[in-house]
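Here are the chains, one letter per residue:
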Amino acid sequence: MTTKTYCWAIIDAIREEMARDDRVLLLGEDVGAAGGAFGASRGLFDTFGPARVRDTPISEEIIVGLGVGAAMTGRRPIVEIMFMDFFGLCLDQIANQAAKTRYLYGGMFSMPLVIRTSVAVEMGIGPHHSQSLESWVGHVPGLKVVMPSTPRDAKGLLKSAIRDEDPVIFIEHLALHRMKEEIEDGEVLIPIGKADIKRPGRDVTVVATGLMVGKALAAAEILAAEGIEIEVIDPRTISPLDIDTILASVAKTNRAIVVTASLKPFGFGSEVAAQIMQHGFFDLDAPVVRLAPPFTPTPFGKGFEDFLNPTADKIVAAVRELLA
Amino acid sequence: MTTKTYCWAIIDAIREEMARDDRVLLLGEDVGAAGGAFGASRGLFDTFGPARVRDTPISEEIIVGLGVGAAMTGRRPIVEIMFMDFFGLCLDQIANQAAKTRYLYGGMFSMPLVIRTSVAVEMGIGPHHSQSLESWVGHVPGLKVVMPSTPRDAKGLLKSAIRDEDPVIFIEHLALHRMKEEIEDGEVLIPIGKADIKRPGRDVTVVATGLMVGKALAAAEILAAEGIEIEVIDPRTISPLDIDTILASVAKTNRAIVVTASLKPFGFGSEVAAQIMQHGFFDLDAPVVRLAPPFTPTPFGKGFEDFLNPTADKIVAAVRELLA
Amino acid sequence: MYDAPLDLYARMMLIRACETQLNDVFARNLFPGYIHSYLGQEACAVGVCSLLGDGDKVVSTHRGRGHYLAKGMALRPMMAEMFGRASGICGGRAGEMHAADPAIGVLGGNGIVGAGLPIGAGAALGMQLDGAGAVAVAFFGEGASNNGAFAETLNVAAAWRLPLLLVCENNLYAEMTPFADTVAQPRVAARAAGYGLPGETVDGNDVFAVRDATARALARARAGDGPTLLELETYRWGGHFEGDPKKYRSRDEEAAWKARCPVARLRAVLLAGSDADAARLDAIDAAAEAGVAEAIRFALDSPLPEPERALDHVYAA
Amino acid sequence: MYDAPLDLYARMMLIRACETQLNDVFARNLFPGYIHSYLGQEACAVGVCSLLGDGDKVVSTHRGRGHYLAKGMALRPMMAEMFGRASGICGGRAGEMHAADPAIGVLGGNGIVGAGLPIGAGAALGMQLDGAGAVAVAFFGEGASNNGAFAETLNVAAAWRLPLLLVCENNLYAEMTPFADTVAQPRVAARAAGYGLPGETVDGNDVFAVRDATARALARARAGDGPTLLELETYRWGGHFEGDPKKYRSRDEEAAWKARCPVARLRAVLLAGSDADAARLDAIDAAAEAGVAEAIRFALDSPLPEPERALDHVYAA
Ligand SMILES: Cc1ncc(C[n+]2csc(CCOP(=O)(O)OP(=O)(O)O)c2C)c(N)n1
Ligand SMILES: Cc1ncc(C[n+]2csc(CCOP(=O)(O)OP(=O)(O)O)c2C)c(N)n1
Ligand SMILES: [Mg+2]
Ligand SMILES: [Mg+2]
């Protein structure tokens, strides 16, 4: 076991996969000699050289397009879009090209492409560096969408993503970059499409994604002191969603809260609520609660973000209300 | 009263508003001398001239950006993105710029921008000309999203959109372009944010959008013959959603189906289901049903589309099942 | 790869016959959807693709049949794909704007104007990493050259010296809008210099001129000297799609361009040279017509795909 | 609009003082978030904006303070905005990358590289329709010139003869990546020709050279002759943001560029000419320093916005 930060876990995953398979490439802004805008590719340029680790211009559309074309010709590219907020510049390549190529051509092409990106919720950088836009890609068939909440999950999911034959959107949480966890030294592979029960409980099912998982666990501690045991489920994969694990939990708890940094309308909370309703309606004692920031852009500054985003205290309050 | 097609209703709306307010402009591919790729700007170039009706290059990002900048300097632009499938090329200007400008600057700017676009569901043109992507924009605060299902609604909503101080995404349904309706000759203004009960009923609430409204009404006819009266609600505006009208209906019917061309995950059906659950859970006798195409891209050809998309028959079957 | 003038002629005639007969089929209401005709541009596809091997990749557009046939896609499955039939090369699900064939390096058409350019660069990156001297070719229209994707592609291809041919078929119109109305500088090739790659404009209706320019660009690409932007001046005989009334241009202009017919020009050259006599060429014409007619019959006789096939291939099995 | 050399100097010194003192504040951990310093580029903003009237519009970038101050944004509300305070010009919600002031034509910074260019074209369209001779100026970095938005903007602006100045501040780096590593042709102005507009490269550290080029471009724009691309060669003294260790460049390179300090150069010119003596300039320096210090105090003393304000202005009231 070695203690790793979320950031180093990502680097390890890429390094291991690049060493394992020389078809793996890394492309993006500042990913090369600079080691990544957030340090998440440190050392890779030195190890694998400029052919396989390439700095791109600030050209988001072609960054993804390079990945699509390279994947169609036998490579396994990892491309980086620095912030998920920039997806509006490259969503055509993601949603119309990468996502649809296998389908369109009747399975004649594979699309082993990983699109790494970062969400900077809670960093106070303002409206263009704060959006958790998993809904945009979760709505697109052909894509897989992954949001790791711990270093080990990040490593295991990224390695699985790189080996996947389908395009995977890999969403890193900048506010988690320094989080530490012990990770076993051998191969770590976490399956895409499988939720993780981060803490078992019996009273309320709390589904939380990415950065919100830690808050849900903190809320669980507070509530446990009151004798309330929430079950914290981290879906880890947004699409395809492991609804079975969630339903099994709801069958036990009869109550659910979904905590997200993504906004409510058309958000992950709505999707989970709709699916719980569809498959577990008669297990529910109360409506599924969506805990999410209000429907506004994110202004500059931590003060606003603390106000807007779910916190452990807000989760505690929501659980208490749901049980009242 | 004059009988108008959906297409001419749109032209009328633009013509009336351009005549009324010379700050109104129309920009887009082929909108000028050619009168629009689908004929939806016929005559406007001749009437208002090349300064106010402009053909653009195939440059979706700047088409929207021109609208943003012109709106910030006192104009009321209507810009056209030929198919909604192309939103991946301009979503940054839509979601990060148009949607956030008022907010970001504390209300110092208005953004009276209309983004007209077309959805070609059921036209058989394949994966890049078939997507109903209202989820992408419905998820973005600051935008309004409108989907008219009849000529009169199209006219009245478009005129309201042009007079609105906020950016409005106006989604036209190509398969409705030839639909006809009588429209009164005076001013027609339909408020944004207000749902319309297209057919009252007592047994099941059917919420349908755009092209699906007609199918729901056809289903209503079939069901009425069996003594089943469905209430067909056309939200007309996707965001902000008039949930009150839907809830009032569900309070009466205790059952709801949402019929969309948008795909299920993170789709309009999920959003409506989640909101009905949140506010009307104890009114529900059964889970809200989402009737939507399966989670796939759209292949070429009408045969596939008929299979994938909701039809009157599928709605009838869903209603019967819900009442069984 | 095919070099013999008669082979070039045969391939151009095949495209010509295909486009002509499809228009007839369309006029008889037997075609499902839009036809984006390649009529008039045959020398472009054939000039470029005749110099490519199966290992070389081609990225096409919404107007792709010329490229598919020139690159060697088998006629029947190609045709059946256009009609959306189960016997189509993609099972009839890709349709008129989208056929592909990885076996011969056709990476597909595209419904999004300009979107093939970044993908072409990605394929060229694949070829560069393979190191086997293969290239990628991205075809696109002059209308696409106004899209941001074009500029990003020129820049990256040049900066990385990718083995990429950027082939612009400048047919003067993008849908109903004349290219000249959307630009201040109408020479597409002139945009290359700003990004540091060579740009060349050639007569796209002269198959030999296209081949010469392609050969130069290929030599550069295969030698590791990077991309070239080729602008092929040509004309779309039909409307944007069949049925377009073409109000945006004059019948005189159309006649002038038809007088520069690429197929007729090649035929004249062949007849003037010693290669072939009229009978030989007529036989080629007849074979092309017959082959196309047979392929269309094959397509029309083929069943539509089972609708349930729509559920396949969303993800890897 | 300000023409007097001493006014130019005062404005450049104001920016210099602002950037220097903000770095100190940052070093003392009193700044909330990132600082994208404008240090070293003062002549660009002042050279261009000194020729603009309040009716002319400016679209800025993530590195915008120089533009704001040069265009005349009041110091205290500008500064308070940087600190995210309620007394900021946008109520403290826009922050370090985003201030705007419609009263003087500042349409805002941008967190999305390149996104200001299309908006600038839209503002220029507004000015063209107003017909009053006003122009729009879009500032951007050389890194942004690799984005598709840049090319689309050049093309539309030229095709429509928009009264737009495209002002590229080429400071050689985009974040940690040298511009030269991402292009085959590093002269940004050379991209103009392909789109049919004039492009000019000038010394961005010489405020008079910047003004001369701007004056030419403005004359063209105001006369209805369309846009100009100006490339101003300059250098970002700091890192991409404060705290960036700048491993991607040498201290020698930094020293060489600091030797070309735009403020010192103007000062030398002024001292060599008859306009001012050192005491007068020192007084200007002191006033700038004092004003900035006062503005920073004002900002730090101002309350943060009430968090509930986050719920305002999503839609028009
Ligand atoms: C991004 C995008 N914008 C607009 C369209 C609609 N459209 C389809 S073809 C076309 C014209 C393309 O012109 P050009 O690139 O010159 O190719 P040509 O049709 O002349 O072969 C347009 C505007 C599209 N499919 N994709
Ligand atoms: C679309 C987009 N891509 C990437 C970034 C991250 N980023 C912020 S500033 C910057 C560098 C910009 O370089 P340049 O345009 O030269 O401006 P400079 O910072 O040198 O003033 C990058 C890559 C961004 N904000 N937006
Ligand atoms: Mg064309
Ligand atoms: Mg720079």
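Residues numbered from 1 in each chain as written. Chains lettered and ligands numbered in written order. Predicted model: local features only at pLDDT ≥ 70, side-chain atom pairs only at ≥ 80, totals over all residues. Heavy atoms only, no water.

**So, the domain arrangement of chain A**
Residues and elements named next belong to chain A.
Line of reasoning, step 1. Considered domain by domain, chain A is made up of domain 1 (2-183) and domain 2 (196-323).
Line of reasoning, step 2. With centres defined by C-alpha atoms, the gap from domain 1 to domain 2 works out at 26 Å.
Line of reasoning, step 3. Facing the 26 residues of domain 1 at the interface are 27 residues of domain 2.
Line of reasoning, step 4. Between domain 1 and domain 2, a total of about 2,000 Å² is buried, with carbon and sulfur atoms accounting for 54% of that surface.
Line of reasoning, step 5. Among the residues domain 1 hides against domain 2, the three largest losses belong to E122, G124 and M147. Together they make up 29% of the total.
Line of reasoning, step 6. Counting the contacts that link domain 1 with domain 2 gives 3 salt bridges.
Line of reasoning, step 7. The salt bridge involving D153 is made with R236; its shortest N-O contact spans 3.3 Å.
Line of reasoning, step 8. Viewed at the interface, domain 2 and domain 1 are joined by 14 residue pairs in polar contact (both at pLDDT 80 or more).
Line of reasoning, step 9. Counting residues per element, the ones that place at least two in the side of domain 1 that touches domain 2 are α6 (134-138), β6 (144-146) and α7 (151-163).
Line of reasoning, step 10. Of the residues in the side of domain 1 that touches domain 2, the class split is 13 nonpolar, 9 polar and 4 charged. (Domains from an automatic or database assignment. Contact = heavy atoms within 4.5 Å. Buried area = accessible area lost by both parts, 1.4 Å probe. Salt bridge = Lys/Arg side-chain N within 4 Å of Asp/Glu carboxyl O. Polar contact = N/O pair within 3.5 Å; in protein donor to acceptor, adjacent residues only side chain to side chain. Helix = DSSP H or I, 4+ residues; strand = E, 2+ residues; numbered from the N terminus. Nonpolar A, V, L, I, M, F, W, Y, C, P; charged D, E, K, R; others polar.)

**So, the interface of chain B and chain A**
Buried accessible area, meaning the area lost when the parts come together, often serves as the stated size of an interface.
Line of reasoning, step 1. Contacts between the two partners involve 53 residues from chain B, matched on the other side by 53 residues from chain A.
Line of reasoning, step 2. Interface area, chain B with chain A, both sides summed: about 4,800 Å², of which 69% is carbon and sulfur.
Line of reasoning, step 3. Counting the surface chain B buries against chain A, the share from its top three residues, B:W136, B:H139 and B:F266, is 18%.
Line of reasoning, step 4. Scanning the region where chain B abuts chain A turns up 2 salt bridges.
Line of reasoning, step 5. One can count 24 residue pairs in polar contact (both at pLDDT 80 or more) joining chain B with chain A.
Line of reasoning, step 6. Of the residues forming the side of chain B that touches chain A, the biggest block, 8 residues, is contributed by helix α10 (residues 268-280) of chain B.

**Remarks on the packing of helix α1 (residues 6-20) of chain A against α7(A)**
All names here are of chain A.
Line of reasoning, step 1. Remark: α1 packs on α7, axes separated minimally by 8 Å, with the N-to-C direction vectors making an angle of 30°. With respect to their mutual orientation, α1 and α7 come out roughly parallel. Considering the relative orientation of α1 and α7, their crossing is right-handed. Side by side, α1 and α7 meet where Y6, A9, I10, D12, A13, I14, E16, E17 and R20 of the first sit next to P151, A154, K155, L158, K159, I162 and R163 of the second.
Line of reasoning, step 2. Tallied by class, the residues present in the contact of α1 with α7 amount to 9 nonpolar, no polar and 7 charged. (Axes fitted to C-alpha atoms, helices over the stretch in contact; angles between N-to-C directions. Parallel < 35°, antiparallel > 145°, perpendicular 65-115°, else oblique. Left-handed = near helix turned anticlockwise from the far one by under 90°.)

**Description of the coordination of the magnesium ion (ligand 4)**
Residues and elements named next belong to chain D.
Line of reasoning, step 1. Summarising the metal site, the magnesium ion (ligand 4) is bound by the protein donors E142 (OE), E142 (OE), N171 (OD1) and Y173 (O), whose distances to it range over 2.0 to 2.6 Å.
Line of reasoning, step 2. One way to put it: the 6 donor atoms around the magnesium ion (ligand 4) meet at angles of 53 to 165°, and that makes the site irregular.
Line of reasoning, step 3. Counting the intervening residues between successive donors of the magnesium ion (ligand 4) yields the motif E-x28-N-x1-Y. Remark: Y173 occurs in strand β4 (residues 173-174) and E142 occurs in the loop between β2 (136-141) and α6 (148-159); sequence separation between them is 31 residues. Comparing E142 with Y173 shows no difference in burial state: the two are buried. (Donors = N, O, S within 2.8 Å, 3.2 Å for Na, K, Ca; no water. Tetrahedral: all angles 85-135°; square planar, octahedral: opposite > 155°, others 65-115°. Buried < 20%, exposed > 50% of the residue type's maximum accessible area, 1.4 Å probe, protein only.)

**Some remarks on the site of ligand 1**
Line of reasoning, step 1. In the vicinity of ligand 1, 21 residues are found, and the nearest of them are B:E60, C:H62, C:R63, C:G111 and C:G143.
Line of reasoning, step 2. Neighbouring residues of ligand 1 are not confined to one chain but are distributed across chains B and C.
Line of reasoning, step 3. For ligand 1, an oxygen atom lies 3.0 Å from a polar atom in the backbone of C:A144.
Line of reasoning, step 4. The contact in question runs from an oxygen atom of ligand 1 to an N or O atom on the side chain of C:N171, over 2.9 Å. (Near = heavy atom within 4 Å.)

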